[in-house]
Amino acid sequence: MSSLPNHPGERRGIVVLDQHEIDNCSRRGDTEFLTDNEVHVLCYPVTEENASDALQNILASGLARPGTILIQSPFDHNEYVDAAEASQYFALAKHTILSNFCQLLGATRVSVTQMDVVTNGKVQTIKLEAGVEAYAAKGGGEFENEMTEKLSSQISLVDEYTGSDADTDSAEVLLRSCHLMGDSNMKSLLQARKAVGNPLTRRTIQVNLSTEANKNLKVVGRLEIPTATVSAEYKSTLEQTTEYKLTLEVLFPG
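Residues numbered from 1 in each chain as written. Predicted model: local features only at pLDDT ≥ 70, side-chain atom pairs only at ≥ 80, totals over all residues. Heavy atoms only, no water.

K.L.:
Even after reading the chapter, I still don't get the overall build of the protein chain, so can you show me in this structure?
P.N.:
Broken down by element type, the protein chain carries eight helices and ten strands. Looking at the 254 residues of the protein chain, the share that counts as buried comes to 46%. Counting only contacts in the protein chain whose residues sit at least 6 apart along the sequence, the fraction spanning at least 24 positions is 70%. For the protein chain, the computed accessible surface area is about 12600 Å², with 45% contributed by carbon and sulfur atoms. (Helix = DSSP H or I, 4+ residues; strand = E, 2+ residues; numbered from the N terminus. Buried < 20%, exposed > 50% of the residue type's maximum accessible area, 1.4 Å probe, protein only. Contact = heavy atoms within 4.5 Å. Areas by Shrake-Rupley, 256 points an atom, 1.4 Å probe, with all protein chains shown as cover.)

K.L.:
Would you take a moment to explain the nonpolar core for this structure?
P.N.:
Within soluble globular proteins, side chains that are nonpolar generally end up buried alongside one another. One finds F33, I69 and F101 to be the most contacted residues of the largest nonpolar core, which totals 59 residues. At eight residues, the largest contribution of residues to this core is made by helix α3 (residues 83-104). Excluding residues that lie within four positions of it along the chain, F101 makes contacts with A171, L174, L175, M186, L189 and L190. Counting 13 residues, the second-largest nonpolar core is a separate cluster that includes L4, I14, I58 and A64. (Core = buried A, V, L, I, M, F, W, Y, C linked by side-chain atoms within 4.5 Å.)

K.L.:
Is there a simple way to think about the side chain of Q114 in this case?
P.N.:
With respect to the helices and strands, Q114 occurs in strand β5 (residues 109-119). With a relative accessible area of 14%, Q114 lands in the buried category. If we ignore the near neighbours within four places in the chain, the residues touching Q114 are T125, I126, K127, L128, K245, L246 and T247.

K.L.:
Is there a simple way to think about the confidence of the model for the protein chain in this case?
P.N.:
Should pLDDT be low for a region, the predicted coordinates there are not to be read in detail. On average, residues of the protein chain score 86 in pLDDT, and 89% of them reach the 70 mark or higher. Mean pLDDT across the elements of the protein chain ranges from a minimum in strand β7 (residues 133-136), with 47, to a maximum in helix α5 (residues 168-177), with 97. (pLDDT = per-residue confidence, 0-100.)

K.L.:
Would you explain the sheet that holds strand β2 (residues 39-44) in this entry?
P.N.:
Hydrogen bonds between backbone groups are what pair the strands of a sheet, and the pairing can be parallel or antiparallel. Spatially, β2-β1-β3-β4 is the arrangement adopted by the four strands of the open sheet, whose pairing is mixed. The strands lining the two open edges of the sheet, one partner per strand, are β2 and β4 (80-82). Direction aside, neighbouring strands of the sheet carry axes that sit 30° apart on average. Across three bridges, the pairing between strand β3 (residues 68-72) and β4 is antiparallel. Bridge pairing in β4 places L70 opposite D82. (Pairing = 2+ DSSP bridges. Axes fitted to C-alpha atoms, helices over the stretch in contact; angles between N-to-C directions.)

K.L.:
Before we go on, may I ask you to explain the pairing of β5 in this structure?
P.N.:
Every other side chain in a regular strand lies on the same face of the sheet, so the side chains alternate between the two faces. For β5, the buried fraction is high: nine of the eleven residues fall into the buried class. By the bridge criterion, three bridges tie β5 to strand β8 (residues 158-160) in an arrangement that is antiparallel. Across the sheet, V110 pairs through a bridge with D159, a residue of β8. Looking at chain direction, β5 and strand β10 (residues 242-251) are connected through ten bridges and run antiparallel. The residue of β10 that forms the bridge with D116 is K245.

K.L.:
Just checking my understanding: could you explain the packing of aromatic side chains for this structure?
P.N.:
For any pair of aromatic rings, the description rests on two quantities: the centre-to-centre distance and the angle between the ring planes. Throughout the structure, instances matching the rule amount to one aromatic pair. Between Y89 and F90, the aromatic rings sit 5.6 Å apart at their centres with planes inclined by 85°, giving edge-to-face as the arrangement. (Phe/Tyr/Trp six-rings, centres within 6.5 Å; stacked < 30°, edge-to-face > 60°.)

K.L.:
In this structure, what is going on with unusual backbone geometry? I would like to understand it.
P.N.:
Backbone geometry follows two general trends: most residues other than glycine have a negative phi, and most peptide bonds adopt the trans configuration. For the bond from Y44 to P45, the omega torsion is 5°, close enough to zero to count as cis. Mapping P45 onto the fold places it in the loop between β2 and α2 (53-60). Unusually for a residue other than glycine, N120 sits at a positive phi of about 50°. Position of N120 among the secondary structure elements: in the loop between β5 and β6 (122-129).

K.L.:
Which parts of the structure should I look at to understand the environment of A54?
P.N.:
One can find A54 in helix α2. The spatial distance from the C-alpha of A54 to the C-alpha of S3 is 9.8 Å, given a sequence separation of 51 residues. Those residues in contact with A54, other than ones at most four positions away along the chain, are L4, R11, N78 and Y80.

K.L.:
I'm lost on the packing of α3 against α5 in this one. Help?
P.N.:
Helix-helix packing: each pair is described by the crossing angle between the helix axes and the interaxial distance. Running from N to C, α3 and α5 cross one another at 160°; their axes reach a closest spacing of 8 Å. The orientation of α3 relative to α5 falls into the category roughly antiparallel. Helix-helix and strand crossings are classified by hand; for α3 and α5 the assignment is left-handed. Across from I97, N100, F101 and L104 in α3, the residues of α5 making contact are S170, A171, L174 and L175. (Parallel < 35°, antiparallel > 145°, perpendicular 65-115°, else oblique. Left-handed = near helix turned anticlockwise from the far one by under 90°.)

Below you can see the structure in the form of structure tokens.
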């Protein structure tokens, strides 16, 4: 358990435990999460000897601490984040990829006009006037929590470029390398910019920043991990479903 499986699908979630706690779980019969096909239990202390790229990244990030739950990035299978921060972290990561994608397609401007935060079915809409000022239109007029406010402040509301011809080959490589060929909005934008004649100059798109990350969070969330093994904060995080959805306006040279 001190090394990671080579296949990324076998380590979508990682639980870091010391050997004593692993033995306790086995004695109590709490073994479901120890044998799950998509979750790996990493035994603490973890050594760097013959460490894979994924394990080196975990160690370099200081994440190999006992009682920690890690979630694999859906965009880079060798990157992991603490489960308590995964939802917001990966939403921001996808937004960054989207901005780079639009830049490769030759965009002159990418602006966020609205962010919807859906938490356990409750929707909070944050309008962005001209991509600058944010306010909550639904959900009580306040940010749902500190992490939502932090994400909103970190998202680049407006990106402006000089504009260029679309480098559709590089844009497609980016989608494939980040495992985003399943995003229908991004694929549609790619196809539109591939078209010869009558070029696309403007499009409003809606992108769910959480689709891919939530699949990995659900893998760990379905497990019965004893509260004595991990903190209650993790249990609460994994039981709560949050989606971040952006509405963006993308402009291209006319």
